[in-house]
Amino acid sequence: MEILSGRVLLRPVDMQRSLAFYRDVLGLAIAREFPGGTVFFLGGGYLELSGSADAPAGPAVALWLQVRDLAAAHRELAGHVVREPRQEPWGLHEMWVTDPDGTRIVLVQVPEDHPIRRDPR
């Protein structure tokens, strides 16, 4: 099987509030809009907000987003931070924010010396 593209689908409780958060607070660029939904660029994939939900997705759903500068992201998103930046035992620097429905968004900076950045060849 060859995967050509991927996207995460979220069904927000309040579409306008969620659109404003992902577009204006996180600053995600819009890839396309269609009746009832918006697709955002999300690094190498996409995030689609479409439809609606009666209740938030809950703690089983989280987005993991790698950023270049976690300190800058912390300054930009200070009012939305639910867990301050810290270095995890596995070596990544992480901070958590939440969207308007409480969906956890893990912002990650990979240190220069982390194995993810090393070329294993």
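It should be noted that the structure appears before, not after, this text.
Residues numbered from 1 in each chain as written. Predicted model: local features only at pLDDT ≥ 70, side-chain atom pairs only at ≥ 80, totals over all residues. Heavy atoms only, no water.

S.K.: Honestly, the overall build of the protein chain in this entry has me stumped. Any pointers?
M.R.: The helix and strand inventory of the protein chain stands at two helices and eight strands. Ordered by position in the sequence, the α and β elements of the protein chain form the string β-α-β-β-β-β-α-β-β-β. Projected onto its principal axes, the C-alpha positions of the protein chain cover 45 × 40 × 25 Å. The averaged location of the 16 negative side-chain charges in the protein chain is 3 Å from the averaged location of its 13 positive side-chain charges. (Helix = DSSP H or I, 4+ residues; strand = E, 2+ residues; numbered from the N terminus. Lys, Arg positive; Asp, Glu negative; His and termini not counted. Charge placed at Lys NZ, Arg CZ, Asp CG, Glu CD.)

S.K.: Explain the packing of aromatic side chains to me, please; I cannot follow it from the model alone.
M.R.: Two aromatic rings, taken as a pair, are described by how far apart their centres are and by the angle between their planes. One pass over the structure, following the stated rule, counts three aromatic pairs. Seen in terms of ring centroids, F21 and Y22 are 5.1 Å apart; in terms of plane orientation they differ by 90 degrees. Their pairing is edge-to-face. Residues F21 and Y22 agree in their burial class; the two are buried. The cationic tip of R7 hangs over the ring face of Y46; the distance from NZ or CZ to the ring centre is 5.7 Å. Note that R104 overlies the ring of W96, its terminal NZ or CZ placed 4.7 Å from the centroid. (Phe/Tyr/Trp six-rings, centres within 6.5 Å; stacked < 30°, edge-to-face > 60°. Buried < 20%, exposed > 50% of the residue type's maximum accessible area, 1.4 Å probe, protein only. Lys NZ or Arg CZ within 6 Å of the ring centre and 35° of its normal.)

S.K.: Explanation requested: the pattern of salt bridges in the structure shown.
M.R.: Side chains that differ in sign of charge can pair as their charged atoms come close. For the coordinates displayed, the defined rule picks out four salt bridges. Taking the shortest distance from any N to any O, the salt bridge between E48 and R7 comes out at 2.6 Å. Of this pair, E48 sits in strand 4 (residues 45–50) while R7 sits in strand 1 (residues 7–10), and the two are 41 residues apart along the sequence. Looking at R7, the relative accessible area reads 39%, which means it is partly exposed. Note that E88 and R83 form a salt bridge whose closest N and O atoms lie 2.3 Å from each other. For the pair E88 and R83, a shared accessibility class is recorded, and that class is buried. (Salt bridge = Lys/Arg side-chain N within 4 Å of Asp/Glu carboxyl O.)

S.K.: Help me out: how do you make sense of the sheet that holds strand 1 in this one?
M.R.: Adjacent strands of a sheet pair through backbone hydrogen bonds, lying either parallel or antiparallel. Taken in spatial order, the four strands line up as 1-4-3-2 in an open sheet, and their pairing is mixed. At either end of the open sheet lies a strand with only one pairing partner, and these are strand 1 and strand 2 (30–34). Each strand axis lies, on average, 15 degrees off the axis of its neighbour in the sheet, ignoring direction. Two elements, strand 3 (residues 37–42) and strand 4, share six bridges in a ladder whose sense is antiparallel. Its bridge partner being in strand 4, G37 is matched across the sheet by S50. Lying on the sheet, helix 1 (residues 15–25) is in contact with strand 1, strand 2, strand 3 and strand 4; it crosses strand 4 at an angle near 155 degrees. (Pairing = 2+ DSSP bridges. Axes fitted to C-alpha atoms, helices over the stretch in contact; angles between N-to-C directions. Contact = heavy atoms within 4.5 Å.)

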